[in-house]
Structure formats: structure tokens, C-alpha cells
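Coordinates in review
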Amino acid sequence: MERKDWTRIGVAAAVLLVPGGFVLGGLLAAQRYRAARAAKAVEALDGGDDRGGRA
């Protein structure tokens, strides 16, 4: 294959894969954010002590 063909393949891959990477990164960040909020909510329900909410 000629260099021109490889350049076109590289550009096509970048156009198709880079936005997918941004989407995947955004989904992973959102999942981590939700998990952190859930952990914080559980901690608030437990009273925030180290005994797991038991006296």
C-alpha cells in the first residue's frame, strides 16, 4: 500500500476512534462520580462513625 493510503487510514481511524474515546472516558468518569456519591450517602446514613452505624 502507498503512503497516501496509510495516511487516509490513519485519518479515518482518528475520526472514528477519538470521539469514542471521549465518550468512553465520559462514561467512566460519570460512573466513578455516581459511585463516590453513593458511598458518601451510605456514610451519611451510617452516621459517619467508624463503627458502621452500630453503638
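Scroll up to find the structure.
Fair warning: this is a prediction, and the values are worked out from it, not measured in the lab.

The helix and strand tally for the protein stands at one helix and zero strands. By the burial criterion, 0% of the 55 residues in the protein qualify as buried. Accessible surface computed for the protein: about 5,200 Å², of which carbon and sulfur atoms make up 64%.

Side chains of Val11, Val15, Leu16 and Leu17 sit close together on the surface and give an oily, nonpolar patch of about 440 Å² of accessible area. Tracing the backbone shows Val15 in helix H1 (residues 3–45).

Between its terminal C-alpha atoms H1 stretches 62 Å, which fits the 63 Å expected from 43 residues at 1.5 Å a residue. Looking one or two residues past H1, Gly47 carries a phi angle of roughly 90°, positive in sign.

Reading the values: rules and limits
Residues numbered from 1 in each chain as written. Predicted model: local features only at pLDDT ≥ 70, side-chain atom pairs only at ≥ 80, totals over all residues. Heavy atoms only, no water. Helix = DSSP H or I, 4+ residues; strand = E, 2+ residues; numbered from the N terminus. Buried < 20%, exposed > 50% of the residue type's maximum accessible area, 1.4 Å probe, protein only. Areas by Shrake-Rupley, 256 points an atom, 1.4 Å probe, with all protein chains shown as cover. Patch = residues over 30% accessible without salt bridge, like charges linked within 9 Å, V, L, I, M, F, W, Y side chains within 5 Å. Salt bridge = Lys/Arg side-chain N within 4 Å of Asp/Glu carboxyl O. Expected span 1.5 Å × (residues − 1).

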